Structure formats: structure tokens, C-alpha cells
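What follows is the residue order along each chain.
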Amino acid sequence: MFFRQTWEEVNLDNLDHNLDTIIKALNRKALFAIIKANSYGVGDFQVASRAVAKKAQYLGVSSLDEAISLRHQGITAPILVLNYVSYQHLLAAKKNNVTITVVSFEHAQKIKESRINGLRLHFKVDTGMNRIGFKDDQELYDAIIALKQDHDVEGIYTHYLDSSEANQITKEQFDSFKRTIKRIDHPFKYIHLANSDAIFNFNDDISNAARAGIAMFGLASNNKDLKPVCSLYTKIVHIKQVSEKETISYKGTYLTKNNEWIATLPIGYADGLNRHYQDQTVYVNNEYAKIVGRICMDQCMISLKNYQPIDTVVEIFGPHIPIEEVAKRLDTIPYEILTSISDRVARVYRRKRGIEKIDNQRLDNKNDCD
Ligand SMILES: Cc1ncc(COP(=O)(O)O)c(C=O)c1O
């Protein structure tokens, strides 16, 4: 249920299609569905459920909080935390059956000292991101030797810094990772390095799993079979014709022309429509219109050539305005656009046959608002 006139629509048929496309490209390698940051804002429970139904072997999240939240929602599939988990929280990881990433020699020592055993571990190798991970093979080897008695050393992985097209850096990262795997010589169950782009752009002969995030939403480079999943909509709630040289919104940064129709939309920067969207294009009834004036916290205004009635649907991005184009114009990436849509925007999960589910963080589980 939701009462606002603003919502994100998630096309579950296209999500299923994209999962099938990714799985086909993986050619029997295991799929790790990366659903961190509430699955890029799309909804971690919904996306996890679809990925697991399609036989994803693992889910990847960014923190123990995200992992445990999924457990609370009934997700039983293996979950890997891709970022650092403090040695102080290992018991919570164990209790919730969450796999953790060992990110450094120091981290491995702390895990050893914690005297907690029986954890499932994946080791992160730093081949060029310089973010987290082992840079030194000897340290990695020593850490594995130190932990393998008491834990399940299940996986090893690295992360590409640019897999959007074939390039020398990716090749060097891959070669370095392959050398490390050969030197370590441990029977890892999972070896993984590709993200979405790499799944479609590089074939490698060392991994048996890959981590796909953005491709699930149709946004990997270089694959035309993927379909868009997410659209952001709002509705006109107020419209008026203005005269010449009126100001619009805070600071009066926009001066109207004669006979312009100004419509107000109930979406603002607190919804993820950040202030850089000013001057961007939206789609209204076969017409492209411009956001004019400063974007407010909860509202913004658009300029229309013609009158459109209240409740007319306005597309911020979707079938007529690809998210990639919006990202380019705002000098960012689709990941940021999607993860910025705040939790006060309801998520509507739709199939061709109709709406399957609506998630509204504000009102879900509260039955007193009918
Ligand atoms: C370590 C790691 N693996 C995989 C992914 C998934 O990347 P993508 O969404 O490009 O598939 C990410 C995303 O940021 C990541 O940080």
C-alpha cells in the first residue's frame, strides 16, 4: 500500500529474463547475485528471492547488517559479506550462517585470536583496486594456513577496477590473480572475479563463479539481450498557466516565458531526485518536458507546452528515458541513480499480468491506515 504519487516500478519479468541471460553467459559457472545496498535500491528480499529461484548459489551483500536482515526475512541461501566484518562481530556471522571476507593479514590474525571457529571464509585478493584485500601472496598463504584448521576456507576472489571493455589493466589483474591462485594451491570451492561487465566482456579459465549486480537490472555494458527493469514515476499534483518572467522555486533561478504551463510533481531530493536534476528531461503523455527551478526536498516543477490534468503520470526514467542517459547527463553512473532512490519511495513489483507486490518501508506491516 502507498498513498504518495511517486513510486519506483520493478519489472519482474525482465528481472527473470536478465537472470536467465546472465546464467546462460556464465556457462555453468556459479552465480553470486550481488544484492548489496538493498539490491541497488531495487529491494534485496525481492531480488534475492528471484535470484535464488533461478538457482543463484550465493548472495553478496556489503555488511553483516544487510546479511542478517535477509536472514530475518527468511532467506536461507548462502550469503557472503563483501566488505570488512569486525572480529568483534564474528559470533553474529556464525549464528546467522553468514560467510565473511578476510580482507588482510591483520584481519586474519584477529579472527584467529577471537577463538571463534567454524566460520565460512572467502579471501579477498587486491589486484589493483587498492581498496581491501591481500597484496602479498606470502601473507595470504600464511593467513590461509593459520585459519584453515578451524574454519572452512571456501573461496577466494578479486575485483576488477574497469571491466567495461577489453583493456590491459583487466588482463594484468587477471594474470596476477591467476598466479596467486597457482601459488596458494588450496582446493577452494569458489574462485570468483568477474562482475557484470566482465561476465559479458571476458572469458577466464580460472574462476568457477561470478558476481553479478547491475546486469540483473539490464544495465551492463555490451549486452543487448538484457532488458531494463527499473522505472521511476510520479504524477502531476498541481498545474497552472503562468505569465512572463515569473520565478519558479527557491532563489528564483528560472524565469517563465509567456503561456507556459507549470506543473508540480511530488518528488524531490529526499526521494533521490538530487538537485542536479534541475534542467533534466522527464516524459509526460508523449511529450518531453524540463524540470525547471531548484528541486525542493519533496517537490519540483516542470514546464509544459500544454495543459495536463492532475494525476497525469510523469516518467523520471524508464521506457522513454533510459537510466544510462540520465546518468550520463548528471555525470554519474546508473548505480548511483538507483541506490539514491530513498526508502520513502514505494517499490511496485510488476509482471505483465499485474502487480505482484508493493513494498513501502513507511507503512508495511502497519494495518491501521486503510
Ligand atoms: C566486490 C564486488 N563484486 C561485485 C560487484 C557487482 O558489480 P556489478 O554491479 O558491476 O555487477 C560489486 C559492486 O560494486 C562489488 O563491489
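Residues numbered from 1 in each chain as written. Predicted model: local features only at pLDDT ≥ 70, side-chain atom pairs only at ≥ 80, totals over all residues. Heavy atoms only, no water.

Counted according to the given criterion, the structure contains one cavity of 30 Å³ or more. If you go around the largest cavity, the residues you meet are Lys124, Val125, Asp126, Thr127, Met129, Ile132, Thr158 and His159. Residue composition of the lining of the largest cavity, grouped by class: three nonpolar, three polar and two charged. (1 Å grid on protein atoms, 1.4 Å probe; cavity = no way out; pocket = protein on both sides within 12 Å on 5 of 7 lines; lining within 4 Å. Points joined across faces, edges and corners; volume = space filled by probe spheres on them. Nonpolar A, V, L, I, M, F, W, Y, C, P; charged D, E, K, R; others polar.)

Moving on: the site of the ligand. Taken together, Ile34, Lys36, Tyr40, Arg131, His159, Asn195, Ser196, Arg211, Ala212, Gly213, Ile214 and Tyr335 make up the full set of residues near the ligand. Within the contact set of the ligand, an oxygen atom lies 2.5 Å away from a side-chain nitrogen or oxygen of Ser196. Contact distances for the ligand include 2.7 Å between a nitrogen atom and a side-chain N or O atom of Arg211. A total of 390 Å² of accessible area belongs to the ligand in isolation, and the protein chains cover 92% of it. Counting atoms within 2 Å of the grid points, the majority share of the ligand lands in the largest pocket. Of all the secondary-structure elements, those providing two or more residues to the shell around the ligand are α2 (36–40) and β9 (209–212). Of the residues in the shell around the ligand, the class split is five nonpolar, four polar and three charged. (Near = heavy atom within 4 Å. Polar contact = N/O pair within 3.5 Å; in protein donor to acceptor, adjacent residues only side chain to side chain. Areas by Shrake-Rupley, 256 points an atom, 1.4 Å probe, with all protein chains shown as cover. Sits in = over half its atoms within 2 Å of the grid points. Helix = DSSP H or I, 4+ residues; strand = E, 2+ residues; numbered from the N terminus.)

Consecutive residues of a regular strand have side chains that alternate between opposite faces of the sheet. Burial of strand β17 (residues 300–304) is extensive: five of the five residues sit out of reach of the surface. Alternating residues of β17 divide into Cys300, Ile302 and Leu304 and Met301 and Ser303, and every residue in both groups is buried. Sheet analysis places strand β14 (residues 261–265) next to β17, joined by five bridges and oriented antiparallel. The residue of β17 that forms the bridge with Trp261 is Leu304. (Buried < 20%, exposed > 50% of the residue type's maximum accessible area, 1.4 Å probe, protein only. Pairing = 2+ DSSP bridges.)

A full pass over the atoms with the stated rule returns 11 aromatic pairs. Relative to Tyr335, the ring of Tyr40 has its centre 5.8 Å away and its plane inclined at 40°; by these criteria the two rings are tilted. Linking Tyr40 in helix α2 with Tyr335 in helix α11 (residues 334–340), this pair joins segments that are 295 residues apart in sequence. Among the aromatic side chains, those forming a connected cluster through ring pairs are Phe2, Trp7 and Tyr233. Its guanidinium or amino end placed over the ring of Tyr87, Lys110 lies 4.9 Å from that ring's centre, counting from NZ or CZ. (Phe/Tyr/Trp six-rings, centres within 6.5 Å; stacked < 30°, edge-to-face > 60°. Lys NZ or Arg CZ within 6 Å of the ring centre and 35° of its normal.)

The next thing to look at is unusual backbone geometry. A positive phi is found at Asn130, a non-glycine position, where the angle reads about 55°. In this fold, Asn130 is placed in the loop between β6 (120–124) and α7 (137–148). We classify Asn130 as exposed; its relative accessible area is 54%. For Asp279, which is not a glycine, the phi torsion comes out positive at approximately 80°. By the element assignment, Asp279 lies in the loop between β14 and β15 (281–284).

In this model, the largest pocket occupies a volume close to 930 Å³. Lining the largest pocket are 41 residues, with Asn195, Asp197, Ile214, Ile333 and Tyr335 positioned closest to its centre. Elements supplying a minimum of two residues to the lining of the largest pocket: α2, α9 (196–201), β9, α10 (323–329) and α11. The class makeup of the residues in the lining of the largest pocket is 18 nonpolar, 14 polar and nine charged.

Glancing now at the nonpolar core. Formed by 109 residues in total, the largest nonpolar core has its most connected members in Phe123, Phe217, Ile302 and Phe317. Viewed by domain, this core spans two of them, domain 1 (12–217) and domain 2 (230–359), each represented by three or more residues. Dropping the residues within four chain positions of it, Ile302 is found in contact with Trp261, Ile262, Ala263, Leu265, Val282, Val284, Ala289, Lys290, Ile291, Val292 and Val314. Core analysis: the next-biggest nonpolar cluster, separate from the first, contains six residues, Ile248, Tyr254, Ile262 and Val292 among them. (Core = buried A, V, L, I, M, F, W, Y, C linked by side-chain atoms within 4.5 Å. Domains from an automatic or database assignment. Contact = heavy atoms within 4.5 Å.)

Before going further, it helps to spend a moment on helix α6 (residues 105–113). Every buried residue of α6 is listed here: His107, Ala108 and Ile111. Each buried residue of α6 lies within a common arc of 100° when the element is viewed along its axis, so the set occupies one face. Along α6, the residues that are exposed and aim more than 90 degrees away from the buried face are Glu106 and Glu113. (Arc of directions from axis to C-beta.)

Structural measurements only, silent on function.
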